[in-house]
Amino acid sequence: MDPALLEIIVCPDCRGELALVEGAGGSETELVCQSCGLAYPVRDDIPVLLVDEARRP
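What you see is a predicted model; the values in this text were computed from it and never measured.

Q: Just give me the short version of the pattern of salt bridges, but keep the residues and values in it.
A: Counted under the stated rule, the structure contains two salt bridges. With a closest N to O distance of 3.1 Å, Arg43 and Glu53 form a salt bridge. Here the residue Arg43 occupies a position in strand β3 (residues 39-43), and Glu53 occupies one in the segment after β4 (46-47), the gap between them amounting to 10 residues. The class for Arg43 is partly exposed, based on a relative accessible area of 44%. In this structure Glu53 comes out as partly exposed when scored by relative accessible area, which is 38%.

Q: Residue-level account of the sheet that holds β3, with values.
A: Read from one edge of the open sheet, four strands run β1-β2-β3-β4, paired in antiparallel fashion. Lying at the two open borders of the sheet, with one neighbouring strand each, are β1 (18-22) and β4. Pairing of β3 with β4, which is carried by two bridges, proceeds in the antiparallel orientation. Considered in β4, the bridge of Val42 is made with Pro47.

Q: Give me the lowdown on unusual backbone geometry, citing residues and values where you can.
A: Not every positive phi belongs to a glycine, and Arg15 is a case in point at roughly 70 degrees. Mapping Arg15 onto the fold places it in the loop between α1 (3-8) and β1. The exposure class assigned to Arg15 is exposed, which follows from its relative accessible area of 60%. Residues other than glycine seldom take positive phi values, yet Asp45 does so here, at roughly 65 degrees. Within the secondary structure, Asp45 is located in the loop between β3 and β4.

Quick notes on the rules
Residues numbered from 1 in each chain as written. Predicted model: local features only at pLDDT ≥ 70, side-chain atom pairs only at ≥ 80, totals over all residues. Heavy atoms only, no water. Salt bridge = Lys/Arg side-chain N within 4 Å of Asp/Glu carboxyl O. Helix = DSSP H or I, 4+ residues; strand = E, 2+ residues; numbered from the N terminus. Buried < 20%, exposed > 50% of the residue type's maximum accessible area, 1.4 Å probe, protein only. Pairing = 2+ DSSP bridges.

Below, the structure written as structure tokens:
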């Protein structure tokens, strides 16, 4: 995922900073909010920043 994109996108729920986290074996990548803990999936290098699609902590 493009590092420049990571610098400008924020959590759509609380506007917190997002961190890129790779799952076990590098299979599932998520953007995890450092404030509220919501985890947004990344599919085909495209972040899905929908609160309804996010995994709750």
